[in-house]
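# Remarks on the overall topology
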Amino acid sequence: MSLYKLTPNGVETRLFDLRHTLESAQPLTFFSDYHERKGTLSYVADKRIIDTKFSGTADAGRFTIKGSALAAKKKDILHRFRLTDDMEDIYSRIITDQFMQDAVRNYRGMRLTINDPWETTLCYIVSQYNNVKKIRGTVLKIINRFGTEIIEGKKTARSFPTSEELADATERDFRECGAGFRAKYLKSAADFCTNNLNLYKLQNKGYAEIKESLMEIDGVGDKVADCIALLGYGKSEAFPIDVWVKRTLERVYFKGKDKKIKYLHKFAEHKWGNDMGYAQQYLFWQGRQMEKQNVRL
DNA sequence: ACCCAGGCGGGCG
DNA sequence: CGCCCGCATGGG
């Protein structure tokens, strides 16, 4: 069976769950127009509104797309939700134990997403020492203040402001959006990515080179660079370790003993190889949801 | 009230 | 190098 299928007005999917994918704290920004009940999702890509409805199951579903430029929109959906990935194949490699099996059972069809590199950079600078709800709020405020309005048919939306469009944004502006001490990083990142580092020229580079370039941005360290490599460039060999992933790894595999980030990186690389990015997403979400439900691991 | 959040840069030993 | 600290802010 094929991994996906293009139809005249949409895309048929296999092993894809839209809700888990959108809810699992990935960027973040097109949450604003997702209605789980109706299955509708609209988001902005390339200054166009992609207005869709998703129906069906995680095993066999379909996106139906409204409006014009269908070919480009289908292509965006395929890329953004990584529908060309062979999930059966990936699952066969990341289900290494009971915990991972449970994670995949609970969130079967959850995909990594690929987002605009600058958008991803900004989101994850905001993410440092922060929580998901507030990250989302801050990013949405930045979009509302600095994004350009887009109208397509009856729909209106705001595009994510480019680094150039943020040239006049001040540290104070970012603070007013709730960025706190990260405001100075956002200011300098917008400047740096406009004048010194073209994020879009990194798209065909390898993981190591991308990460090294990203870490030249003030406010982007090891973890944030991994997030951008994974969710902005689709580099599945990135393995961002945040507090949730660290805790979960330590509890599941090391009896709760404290381990260094570097050690955990090597552990993950050895265990999940080039699929470690996917393993990370399932670890992150399963660990976080279980802790929220107060389940002892 | 207190603690924590998809960490980072800087300073110190 | 590795370790430790402060950091804005809002929600539990």
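Look a little higher up for the structure.
Since we're looking at a predicted model, the values are computed, not measured.

### Concerning helix H5 (residues 117–127)
Taken across its 11 residues, H5 has 11 buried, putting it largely inside the fold. Elements in contact with the buried residues of H5: helix H6 (132–146), helix H8 (183–195), helix H9 (207–214) and helix H10 (222–233). Its side-chain oxygen placed 3.0 Å from the backbone nitrogen of tryptophan 118, aspartate 116 serves as the N-cap of H5. Following H5 by one or two positions, tyrosine 129 has its phi on the positive side, about 50°.

### What to know about the protein's contact with DNA strand B
Of all residues adjacent to DNA strand B, which total 26 residues, the nearest are Asn130, Asn131, Val132, Trp244 and Gln280. In this structure, valine 224 approaches DNA strand B through a main-chain N or O atom, which is 2.8 Å from a phosphate oxygen. Within the side chain of aspartate 242, an N or O atom sits 3.0 Å from a sugar or linking oxygen of DNA strand B. Of all the elements in the fold, those that place two or more residues in the surface near DNA strand B are H10, helix H11 (243–253) and helix H13 (276–292). Among the elements that make up the surface near DNA strand B, the one with the highest residue count is H13 (4 residues).

### Examining the layout of surface pockets
Quantified by volume, the largest pocket comes out at close to 1,200 Å³. Lining the largest pocket are 44 residues; nearest its centre among them are Val44, Ala45, Asp46, Arg80 and Asp116. Contributions of two or more residues to the lining of the largest pocket are made by strand S4 (40–45), strand S5 (48–56), helix H2 (70–80), H5, H6, strand S8 (155–158), H8 and H10. When residues in the lining of the largest pocket are grouped by element, the largest group, 6 residues, is from H2. Of the residues belonging to the lining of the largest pocket, the class tally is 18 nonpolar, 14 polar and 12 charged. Taken domain by domain, the makeup of the lining of the largest pocket includes at least three residues from each of domain 1 (9–85) and domain 2 (117–222).

Basis of the calculations
Residues numbered from 1 in each chain as written. Chains lettered and ligands numbered in written order. Predicted model: local features only at pLDDT ≥ 70, side-chain atom pairs only at ≥ 80, totals over all residues. Heavy atoms only, no water. Buried < 20%, exposed > 50% of the residue type's maximum accessible area, 1.4 Å probe, protein only. Helix = DSSP H or I, 4+ residues; strand = E, 2+ residues; numbered from the N terminus. Contact = heavy atoms within 4.5 Å. Polar contact = N/O pair within 3.5 Å; in protein donor to acceptor, adjacent residues only side chain to side chain. Near = heavy atom within 4 Å. 1 Å grid on protein atoms, 1.4 Å probe; cavity = no way out; pocket = protein on both sides within 12 Å on 5 of 7 lines; lining within 4 Å. Points joined across faces, edges and corners; volume = space filled by probe spheres on them. Nonpolar A, V, L, I, M, F, W, Y, C, P; charged D, E, K, R; others polar. Domains from an automatic or database assignment.

Remember, this is a structural readout, not a statement about activity or role.
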